[in-house]
Amino acid sequence: MPRYLGPMPIFADLDNGTNPATTLQKSLAAVEHYALKNEMRLRITEVDAKGVLKIKAGEFLKSDLCQQHGLHPRDLRKIDSGFSNHMPVVLVRPEVILINLGHIRALITADLVILFDSPDSKDRVEDSPFVKDLQEKLKMNTVDARGQPFEFRAMEAIFLSVVASLHAEMDVLVHYVLKLLTDLENQIDQNKLKELLQYTKKVSRFESRALLIRNVFEELLDQDEDLAALYLTEKKEGHPRPVDSHDEAEILLEAYMKQTEEIVNIVALVKHSMQSTEDFVNIFLSAKRTQLLLFELRLAMGTLGISSSALIAGLYGMNLHNYLEHDAHAFFVVSATAAMIGGTVFMTCARKLRVLAKGTA
Amino acid sequence: MPRYLGPMPIFADLDNGTNPATTLQKSLAAVEHYALKNEMRLRITEVDAKGVLKIKAGEFLKSDLCQQHGLHPRDLRKIDSGFSNHMPVVLVRPEVILINLGHIRALITADLVILFDSPDSKDRVEDSPFVKDLQEKLKMNTVDARGQPFEFRAMEAIFLSVVASLHAEMDVLVHYVLKLLTDLENQIDQNKLKELLQYTKKVSRFESRALLIRNVFEELLDQDEDLAALYLTEKKEGHPRPVDSHDEAEILLEAYMKQTEEIVNIVALVKHSMQSTEDFVNIFLSAKRTQLLLFELRLAMGTLGISSSALIAGLYGMNLHNYLEHDAHAFFVVSATAAMIGGTVFMTCARKLRVLAKGTA
Amino acid sequence: MPRYLGPMPIFADLDNGTNPATTLQKSLAAVEHYALKNEMRLRITEVDAKGVLKIKAGEFLKSDLCQQHGLHPRDLRKIDSGFSNHMPVVLVRPEVILINLGHIRALITADLVILFDSPDSKDRVEDSPFVKDLQEKLKMNTVDARGQPFEFRAMEAIFLSVVASLHAEMDVLVHYVLKLLTDLENQIDQNKLKELLQYTKKVSRFESRALLIRNVFEELLDQDEDLAALYLTEKKEGHPRPVDSHDEAEILLEAYMKQTEEIVNIVALVKHSMQSTEDFVNIFLSAKRTQLLLFELRLAMGTLGISSSALIAGLYGMNLHNYLEHDAHAFFVVSATAAMIGGTVFMTCARKLRVLAKGTA
Amino acid sequence: MPRYLGPMPIFADLDNGTNPATTLQKSLAAVEHYALKNEMRLRITEVDAKGVLKIKAGEFLKSDLCQQHGLHPRDLRKIDSGFSNHMPVVLVRPEVILINLGHIRALITADLVILFDSPDSKDRVEDSPFVKDLQEKLKMNTVDARGQPFEFRAMEAIFLSVVASLHAEMDVLVHYVLKLLTDLENQIDQNKLKELLQYTKKVSRFESRALLIRNVFEELLDQDEDLAALYLTEKKEGHPRPVDSHDEAEILLEAYMKQTEEIVNIVALVKHSMQSTEDFVNIFLSAKRTQLLLFELRLAMGTLGISSSALIAGLYGMNLHNYLEHDAHAFFVVSATAAMIGGTVFMTCARKLRVLAKGTA
Amino acid sequence: MPRYLGPMPIFADLDNGTNPATTLQKSLAAVEHYALKNEMRLRITEVDAKGVLKIKAGEFLKSDLCQQHGLHPRDLRKIDSGFSNHMPVVLVRPEVILINLGHIRALITADLVILFDSPDSKDRVEDSPFVKDLQEKLKMNTVDARGQPFEFRAMEAIFLSVVASLHAEMDVLVHYVLKLLTDLENQIDQNKLKELLQYTKKVSRFESRALLIRNVFEELLDQDEDLAALYLTEKKEGHPRPVDSHDEAEILLEAYMKQTEEIVNIVALVKHSMQSTEDFVNIFLSAKRTQLLLFELRLAMGTLGISSSALIAGLYGMNLHNYLEHDAHAFFVVSATAAMIGGTVFMTCARKLRVLAKGTA
């Protein structure tokens, strides 16, 4: 399921481009184009009230879909991936519910579910396990469905699939990140740091996506009219729900909002762990460098001490008359003096260093 | 009580896994499985209206529980730890109150408390001190209970246990953290830094848990209908509370919310202390390194000075005719000159360094 | 379209100034001036109900405009760029809608759109592609416009242009930033770091602008009276909308708010990526320096070892009687001893270093 | 007034403990104990409606107090410092107002003020200047009090004392912190950095306390019922205030909320200053180290140059036939060559360094 | 206008103090004093309904002012700078509007504006350009004032002066900061870093002040009763405004709130720029140090190489029999060998360094 870990489409698009001028022109062209492509076709799959696949990957004109289901082109654009469109949304319109959540783009009526193929994937919607689940749920008779109307069963199948796939994606991300953090805490490695950077970005994008989905549930729960308008079957049968009676809808949406919230919560904790580990790596490297500097100082002190001794030796090595040329013990006395001078220099520095190094271990 | 300080279950699960592919498959399998396990059994303990343990660790079908207490399977899933479920929740349903808070998962009716064993612990619920407390509280007669109905006494026993255990856990965490911080402020040690990292993560997870519990109380307090619906006994006796009359419920919940808020507050202060100490360690190490660098410079200056002197000695050590070979005082004059040159180099550098070092002590 | 990437006007103004005293005086002068310039003229372009350009770049007195459309001078000041005015705004007044969003400053009545030239650009409004779009949209008959009244078609043309141009600007910014980040992650370069700083500021300013536009939509959506007051045509025809009936207005504004929100969202992710990359560069450089320090230590150890050997050589180089002058093997024995001493010093340090370096790779 | 600057009780408690196992057991014991100590006694001081000290440090059973004033034990626990209780609170109950704010814990009825001794201080409440103020205020006749009823005069005396003592504490904290920051900006000193860490924690704790007090005022102002219930005298006289008529209460509480807000505001600015100074110290040290590194490089270049010269000297110092032994000028020529080589090495490095150092001063 | 850039009064007060004990005592004394100074006099300037200066710098007893305008001493304390009082405020009382915003403290009645001299400045209020503006505005007849009542004209004059002076102050701050940032980005200088620290604090304080003023407008706009109570003239004429009819007041306040918001917005962007530049300086210095370290390593490698060569020379310089003393080519062979060994050491290290340096430029 590499799709989960890939970059967001917009990022992918831009990564490839190399010439900024071209990008700008493409962007502006997209704007022009935007106004014109309302007449594009959409590839859809239809499941009817009995769970039967009526249409597989059929192509429809947007305008026909709008007319058929009383939609405004602006509405359809929300689930039309022609225009970069990453904002998940659940739109409640008089006769339909429009859903664009995670990998699913669907339109639910009182007796029909229309699924839209995402144009940027090769997979056909009708082959996915989600469609099987959906069909099964729609086939249920009223008793098995505990009286849930058609549109609620369709919504629940969609929400379940969206949340379950978010959950699976989270599990994989969290697994990798925690392993990476453990590795980094044991051994700081430049390649692992680069990996951490990549995962930081991935986790942020995932969190942003999960949060947007959570917000869709929350916004819907805040709108009493929209909640009541979800009862499409009752509306079709001529007795729409009063605005303040929508307990089943509320409980259903709340359940999936809570699950998305849980995902957001865990991801936030993982983000915090990543941040903590980054801070730790920084401090650890700083402490390490301080220690290495202390060692370097000891080496420098050694070099200074030996240089001092060597200077004495050097002076006696000059081709000048030093009066000790023929002294029998001079070699040993001078050598010892040189060593002593070097040693004294080293010891003096070492005392000073001990004071300076206080507070670090 | 090591359970308090352990990692969150989901983190523990993932820490063990090593093969990402396996993890992904397990995650996806969990999703499949998720739809099927509605028929699982739950191990429960029942305490009746007189505080008597009626059932100890009995196993029940979820579907039976649902039917018996008018619950939806979706509701029961909130306290069923089969699916990873870390969001605490208090659900108010027509005949029952469902509670999943901290270590307690319970179902309260007007005359029964059902406690669910948590499947990931070996401890049986019925042996815990909490059950003793609960039984005692439920045994009270009306006067001792100051007129508190059965369900309120049950809730208060649960809330008290949850908040007291949060408080105990906080005390231990705070104790360790403050000791660690004091240690680090006196002596920066790489192992202590690693410990700090672990505690940073633990404190974040604890804060997140406490905050979620606080939010459960707050959400409940925001819903007048739910507060009124808490009066199960009155509802059973046929005179449910009006929506705007729920003073006892409000005061009870507010008291425990305030206590959880206090815990969250103290933990936030501790987190801030950890952050401050981290910042301090960073600056302290930076100041330390600057000081060590100043010392290193003095050593380097010494080495440079001695090298300068040694160069003079070296030149006079060449096997070349230097015209001073037979001069009687040359050795002392040249040695003194060499020392003077070295000293001048050192002093010049020292003056420069004094200017550079200004502003650091 | 260099305008997109340029600094905000106020920043540009201030960048040029060099004498602080002058700046202060100019500022205070502006305050004086501010009270007097109410009588200034505005250059405007008018499009009538049939999409015809009635007036091109005509100059009008502010006071005439106020009187004609029942405006207060304070209102007109919102779209008058004479006073530094960066806050986008949509003002709903009894007979007109005043819009200052992005590059467009307009006044909409029930049958007229007045566009204001921005004084700080050479471009005439009437040459822009936006005016073409606007004219086309206003020309539509009622059927093509799906019953949208004149003022809604004008607003939609403006909002579309504003959001599309924000989107294009975002695309360019994001493109450059992502390229820069990729470059920096591969090779840390000081010029690229400077570029990153510039882009950080640009992205912040862009985010601030997009956020302000989003807030304009949100504030309008929060005011039921303002939403109802948008129906200028119906008001003119004598049957103003009741305060709680403004579904079309709400849906229209919501659509563009969501698109602006999407832009804000993507920019926030990009900002996060920039922050992550900055953090990575910091840690990477820190790890790099630690590694380089380890290498430096090895060089220092080598220097110390060689100095030790050289000291021995130096001692035997003294013009003193060392008793080995005529020994046949002394040269090799002393040389070997010197080498051994140097080697021992090096190996001792190397062992110490291996312990110190643990935890970094 | 060392109490102001001391650590929060809970922190103090934990600082002393050394054995974590003990702490845990104490914590758990506290939980047990918690349920039992409802019968503890409280030491109180009573001031009557004429400002006369009726009871000085008398001991009362909690249960008696509860019964006498219609309180729930849960209420009394809020001002009972037996259980760690740092959340300030103003509770409005039918016959009394319970206050736990800063250093004052009090119970106000329509004609009585009961002050509770805090058990963790040696000071008796009745000796404090606050009690004098309170007595004076309560003694006032109706005219001097501008018609303020008894309970309002008592509250105002308490609020005034709490806010004035917060203000005094803030002044001292701010004074020390600003002095410390000025010192640090002139001279970075490791002891001062440690002091800064301690003040950072103190300021955070102070801010948290002030914020909690502010929130108490705000929460009370949000509750119309509680505001109306503050008029204890009118309630006692049998004509309780209607819920929407509580102007005097609102104005009184707002005044003290604003003053607490001002304190919070100033402390937030001080916190920001501390953060800015920390950031500055970090950057300053970094800039300093860069400069010192540049100086070190110059020393290293000198050492390299001299070593190069010394190598030439060393080569001519070898006991080998160098053909210049008897040349009259060789010494000067070789010495000059050696110096030139050293100089060239130094100059080449210096040129390179100048390029590298660009951008730092 | 140095007042703009100076520190906040409270900070200034504390900067001067040196003895902490004194400060504490002064603070506590202030608390005592606080209760007594209600009888202090205020120096005021009065402008009547026709814009005539009736009283210039007259002294009044606070108690008289209170009685005359139906105020509570608590109200007057808000504009009395005797007690440290930095919170801006607009208080609406039955007969007056009390304003303490920025540099202006005023009391507005239906036909009188009273301006209070600020005791900490030498300037008399009546000489300021603001008073001229105010007089001019109050002189207007009803037509010129577009029907604005007296109190609204007074408020607008005050708000205009406050916002214009905030704007001027912002311009100066922003100008200096942007110049400083540009300088720092080109050349990192320790004095400029210190200046940056000072400006960071100044900008924070300015932002805090602007934000507080903005909040005053917002709070007033949130209170329908207060907005309606602003119409003092109508109240005096006996027909007070109904609570829900206050359009002119709302539009007036909103206009100035928006302008203050714009200032806050620009300052926030500037703060962000400062933060970005600080981050950049940090990373830039880190990158610089890494580069300098690489150069240092090359020097150390050179020193190591030369030391190696020198060791060979040193060995042949020993006064020991080396068998090559009389060899004709030995000097050149040994010199070449020494050079080769040095070169090899250098090259080996250089290869290693090239690997290590990868990723930095």
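Please read all numbers here as calculations on a predicted model, not as lab measurements.

## Concerning the nonpolar core
Core analysis: the largest hydrophobic core is formed by 357 residues, its most contacted members being Phe159 of chain B, Phe159 of chain C, Phe159 of chain D together with Phe159 of chain E. Once you skip the residues sitting within four places of it in the chain, Phe159 of chain E turns out to touch Ile99, Leu101, Phe217, Leu252, Leu253 and Tyr256 of chain E. Listed in part, the 128 residues of the second largest apolar core include Ile306 of chain A, Phe331 of chain B together with Leu293 and Ala313 of chain E.

## A look at the relation of the copies chain B and chain A
Overlaying chain B on chain A yields an RMSD of 0.1 Å, the required transformation being a rotation through 72° with an accompanying axial translation of 0.1 Å. Taken together, the rotation and translation describe the operation of a five-fold axis. The rotation axis passes nearest to the C-alpha of Gly317 of chain B in chain B, at a distance of 4.8 Å.

## Focus: the interface of chain C and chain E
Facing the 80 residues of chain C at the interface are 72 residues of chain E. Summed over both sides, the interface of chain C with chain E buries roughly 6,800 Å², with 66% coming from carbon and sulfur. Among the residues chain C hides against chain E, the three largest losses belong to Arg74, Gln190 and Phe331 of chain C. Together they make up 11% of the total. For the pair chain C and chain E, the interface holds two salt bridges. Taking the shortest distance from any N to any O, the salt bridge between Lys258 of chain E and Glu219 of chain C comes out at 3.2 Å. Elements that contribute at least two residues to the side of chain C that touches chain E include exactly helix 1 (9-16), helix 2 (20-36), helix 4 (73-77), helix 7 (190-222), helix 10 (247-317) and helix 11 (330-357) of chain C. The greatest single-element share of the side of chain C that touches chain E, amounting to 23 residues, is contributed by helix 10 of chain C.

## Considerations on the UniProt feature "transmembrane region" (unreviewed entry) in chain A
Residues and elements named next belong to chain A. In this structure's numbering, the residues bearing the UniProt feature "transmembrane region" (unreviewed entry) are residues 297-318 and 330-350. Between the C-alpha atoms that bound residues 297-318 there is a distance of 31 Å. The span itself is 95% helix and 0% strand. Secondary structure across residues 330-350 divides into 100% helix and 0% strand, with the first and last C-alpha atoms of the span separated by 30 Å.

## Re the interface of chain B and chain A
For an interface, size is often stated in terms of accessible area lost upon the parts coming together. Counting residues at the interface gives 80 residues for chain B and 72 residues for chain A. Here chain B and chain A share an interface that buries about 6,800 Å² over both sides, 66% of which is from carbon and sulfur atoms. Interface area lost by chain B to chain A is led by Arg74, Gln190 and Phe331 of chain B, which between them contribute 11%. On inspection of chain B and its partner chain A, the count reaches two salt bridges. Taken together, the links from chain B to chain A amount to 16 residue pairs in polar contact (both at pLDDT 80 or more).

## As for helix 7 (residues 150-186) of chain D
Its 37 residues give helix 7 of chain D an end-to-end C-alpha distance of 54 Å, which sits within 8% of 54 Å, the value for a rise of 1.5 Å per residue. A large share of helix 7 of chain D lies buried, amounting to 32 of its 37 residues.

## Details of the pairing of strand 5 (residues 104-108) of chain A
As a general feature of sheets, a regular strand has side chains that alternate between the two faces. Residue and element names in this part refer to chain A. Of all five residues making up strand 5, five are buried, and the element is well covered by its neighbours. Residues of strand 5 alternate between two faces, with Ile104, Ala106 and Ile108 on one and Arg105 and Leu107 on the opposite face, all of them buried. Sheet topology note: the strand 4 (residues 97-101)/strand 5 ladder contains five bridges and is antiparallel. Residue pairing across strands places Ile99 opposite Ala106, the latter belonging to strand 5.

Conventions and cut-offs
Residues numbered from 1 in each chain as written. Chains lettered and ligands numbered in written order. Predicted model: local features only at pLDDT ≥ 70, side-chain atom pairs only at ≥ 80, totals over all residues. Heavy atoms only, no water. Core = buried A, V, L, I, M, F, W, Y, C linked by side-chain atoms within 4.5 Å. Buried < 20%, exposed > 50% of the residue type's maximum accessible area, 1.4 Å probe, protein only. Contact = heavy atoms within 4.5 Å. Least-squares fit on C-alpha atoms with pLDDT ≥ 70 in both. Buried area = accessible area lost by both parts, 1.4 Å probe. Salt bridge = Lys/Arg side-chain N within 4 Å of Asp/Glu carboxyl O. Helix = DSSP H or I, 4+ residues; strand = E, 2+ residues; numbered from the N terminus. UniProt positions renumbered as here; feature names shortened; annotations may be inferred. Polar contact = N/O pair within 3.5 Å; in protein donor to acceptor, adjacent residues only side chain to side chain. Expected span 1.5 Å × (residues − 1). Pairing = 2+ DSSP bridges.

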